[in-house]
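Inside the fold
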Amino acid sequence: MADMKRHFGLSSRMAIIALVLCMTSQAVGCRGTESVGQDVRAASTEEPGTGTALAEIAADERFDTELFAMDTFMTLSAFGPHAQEALAKAEEEILRLEAILSTGMDDSEVSRINENGEGTMSEVTASLMEASIKLWEVTGGAFNPAILPVMRLWGFTDGNYHVPEKGELDEVLTLLDVSRIEFDREAGSVRFGREGMAIDFGGIAKGYTSARVMDIFAGCGVKSAMVNLGGNVQTYGTKPDGKKWKIAVQDPRKEGNYLCVIESAGEAIITSGGYERYFEEDGVTYHHIIDPADGYPAFNGLVSVTIVSSDGTMADGLSTSLFVMGKDKAIEYWREHSDEFDMVLYTDKGELVVSEGLKERITSDYLINYVGRP
Ligand code: ADP
Ligand code: MG
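So, here's what we can say about the structure. (Residues numbered from 1 in each chain as written. Chains lettered and ligands numbered in written order. Predicted model: local features only at pLDDT ≥ 70, side-chain atom pairs only at ≥ 80, totals over all residues. Heavy atoms only, no water.)

Quick notes on the overall build of the chain
- Check the secondary structure of the chain and you find 10 helices and 20 strands.
- Looking at the chain residue by residue over its 374 residues, the buried ones come to 56%.
- For the chain, the proportion of contacts with a sequence separation of at least 24, taken over those separated by at least 6, is 61%.
- Split by element, the accessible area of the chain, about 15,900 Å² in all, is 48% carbon and sulfur. (Helix = DSSP H or I, 4+ residues; strand = E, 2+ residues; numbered from the N terminus. Buried < 20%, exposed > 50% of the residue type's maximum accessible area, 1.4 Å probe, protein only. Contact = heavy atoms within 4.5 Å. Areas by Shrake-Rupley, 256 points an atom, 1.4 Å probe, with all protein chains shown as cover.)

In structure tokens, the structure reads:
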């Protein structure tokens, strides 16, 4: 067997996170981000919390929490009197969603449905199923929520990475027919029409999760916040000083550098790339975003795709989908849906292709090629 290396893109993810944090901390006093998970609770009892009434917490006082969930490193920052409560609730919700959606946990709802080939879905799973089927339809199958058997075959689910035999791949490709998923949204019931079919919301779950966290911020009365769920960034409101957030998108080919900076207020900025999770065999790199047409990692000249949209779930689903489509089809897709999102495509020739909706709020050292509406 070939020399195999395992890589998890944690260091790349850390880089994007670090960039985002340092850019935002210039504008406001940073309370430090060193402890994991404990930050919120510690802050609420020791730091400003002890004997401090909520009203005494300034609107620009920053609180952070960090956690590892959904197989990735997450940072959440919020400002003002309601921040600590909101962050604690957000963390709880992220762990709740992970326990429902994870394909890596045998007792998650998704795993139980995959095991039985059918089941009743909770509201969370049903709404992701609905969104995924819609995406499968509108992307012409580039997004495929039934991708799990292919992920398993390549070893992305258990770390036993290897390039599958062509015959094995052809066999599992027959399990990707999403039209064979019988899904009743009202009843919340699902049944797979073929034995062996299995669903995986990995391409959409973090965007859905960041959108739910925004709902929590709204419910708690937070005015200003930002989360980064492993390269999936979503901002809430503006920065406390009223200015827009500046989100740095990492350059996948130059660790520590960034491709561009995008201004955002209340939007998701979500990046997918083959550099995030991959292995090497015989000198070839194989990553975790699969073209459902042939079951191979999508190799089409795109290095990363960033989607900007107020809809976090869609932004995540589309970042995966447009990465699979490749540059030309991605541009075509944007032209048909330009009122729904904006995008930054980064190609292996170093070209930055940006939809014109971002023109006034993107900066980059790279030469940008804007694409316009037809
Ligand atoms: P990340 O989760 O690393 O941020 P993505 O959002 O692009 O990146 O999601 C990649 C994950 O999506 C894979 O790990 C797998 O679970 C799932 N996936 C891979 N290919 C597809 C596809 N064509 N359609 C839908 N989901 C996919
Ligand atoms: Mg995605």
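Here we look at the nonpolar core
- F217 and L322 are the most contacted members of the largest nonpolar core, which has 86 residues in total.
- With eight residues, the single largest contributor to this core is helix α3 (residues 83-101).
- Sequence-distant contacts of L322, defined by excluding residues within four places in its chain, comprise L302, V305, I307, A330, Y333, F341 and M343. (Core = buried A, V, L, I, M, F, W, Y, C linked by side-chain atoms within 4.5 Å.)

Here's the deal with the coordination of the magnesium ion (ligand 2)
- Around the magnesium ion (ligand 2), the donor atoms from the protein are G203 (O), D316 (O), D316 (OD) and T320 (OG1), and they sit 2.1 to 2.5 Å away.
- Between consecutive donor residues of the magnesium ion (ligand 2), the sequence gaps follow G-x112-D-x3-T. Taken as a pair, D316 and T320 lie in helix α9 (residues 312-325) at a separation of four residues, close to a single helical turn.
- When its relative accessible area of 15% is taken as the criterion, T320 is described as buried. (Donors = N, O, S within 2.8 Å, 3.2 Å for Na, K, Ca; no water.)

Describing unusual backbone geometry
- Although it is not a glycine, D71 sits at a positive phi angle of roughly 65°.
- If you trace the backbone, D71 turns up in the loop between β2 (62-69) and β3 (72-79).
- Phi angles above zero are rare outside glycine, and D282 is one such case at about 50°.
- Relative to the helices and strands, D282 is located in the loop between β12 (277-281) and β13 (284-287).
- Residue classification places D282 among the exposed positions, given a relative accessible area of 62%.

Points about the site of ligand 1
- In the vicinity of ligand 1 there are 20 residues, among which N144, D200, S272, I290 and T320 approach most closely.
- With respect to ligand 1, the backbone of N144 contributes an N or O atom lying 2.9 Å from a nitrogen atom.
- Here I290 contributes a backbone N or O atom positioned 2.8 Å from a nitrogen atom of ligand 1.
- Considered on its own, ligand 1 offers 560 Å² of accessible surface; in the complex 94% of this is hidden by protein.
- With three residues, the top contributor of residues to the shell around ligand 1 is α9. (Near = heavy atom within 4 Å. Polar contact = N/O pair within 3.5 Å; in protein donor to acceptor, adjacent residues only side chain to side chain.)

Digging into the pairing of strand β8 (residues 232-236)
- Most of β8 is tucked away, with four of its five residues classed as buried.
- Bridge analysis of β8 against strand β11 (residues 268-273) gives three bridges, and the strand direction is antiparallel. Of the residues in β11, the one forming a bridge with V233 is I269. (Pairing = 2+ DSSP bridges.)

Observations concerning the packing of aromatic side chains
- In total, this model carries 12 aromatic pairs according to the counting rule given.
- Plain terms: the ring middles of W154 and Y296 are 5.4 Å apart, the flat faces sit at 75° to each other, and that makes the pair edge-to-face. Of this pair, W154 sits in the loop between α6 (148-153) and α7 (166-173) while Y296 sits in strand β15 (residues 296-297); the two residues are 142 residues apart in sequence, bridging distant segments of the chain.
- Consider the rings of Y286 and F299, whose centres lie 6.5 Å apart with planes at 65°: the pair is edge-to-face. With Y286 in strand β13 and F299 in the loop between β15 and β16 (302-309), this pair connects stretches of sequence that are 13 residues apart. (Phe/Tyr/Trp six-rings, centres within 6.5 Å; stacked < 30°, edge-to-face > 60°.)

Observations concerning helix α8 (residues 205-220)
- Taking 1.5 Å of rise per residue, 16 residues should cover 22 Å, and α8 covers 23 Å from first to last C-alpha, within 8% of that figure.
- With 12 of 16 residues buried, α8 lies mostly within the body of the structure.
- Within α8, the full set of buried residues consists of A205, K206, G207, Y208, T209, S210, A211, V213, M214, I216, F217 and C220.
- Of the residues flanking the end of α8, it is G221, one or two places downstream, whose phi is positive at about 80°. (Expected span 1.5 Å × (residues − 1).)

Side note on the environment of P252
- Checked against the element boundaries, P252 lands in the loop between β9 (245-250) and β10 (258-264).
- With 52 residues separating them in the primary sequence, P252 and S304 have C-alpha atoms 7.4 Å apart.

Let's talk about the packing of α3 against α8
- For the pair α3 and α8, interaxial distance at closest approach is 9 Å and the crossing angle is 150°. When the interaxial angle is binned, α3 and α8 end up roughly antiparallel. For α3 against α8, the interelement crossing comes out right-handed. Facing α3, whose interface residues are E85, A86, L87, K89, A90, E93, I94, L97 and L101, α8 presents A205, Y208, T209, R212, V213, I216, F217 and C220.
- Looking at side-chain class alone, the contact of α3 with α8 contains 12 nonpolar, one polar and four charged residues. (Axes fitted to C-alpha atoms, helices over the stretch in contact; angles between N-to-C directions. Parallel < 35°, antiparallel > 145°, perpendicular 65-115°, else oblique. Left-handed = near helix turned anticlockwise from the far one by under 90°. Nonpolar A, V, L, I, M, F, W, Y, C, P; charged D, E, K, R; others polar.)

Some remarks on the sheet that holds strand β6 (residues 189-192)
- Within the open sheet, the three strands sit side by side as β4-β6-β5. Their pairing is antiparallel. For this open sheet the edge positions go to β4 (118-120) and β5 (181-184), each flanked by a neighbour on one side alone. Sheet twist, expressed as the average angle between the axes of neighbouring strands with direction ignored, equals 5°.
- Pairing of β5 with β6, which is carried by four bridges, proceeds in the antiparallel orientation. Along β6, the bridge assignment pairs I181 with F192.
- Strands β4 and β6 of the sheet are contacted by helix α4 (residues 109-116), whose axis makes an angle of about 140° with β4.

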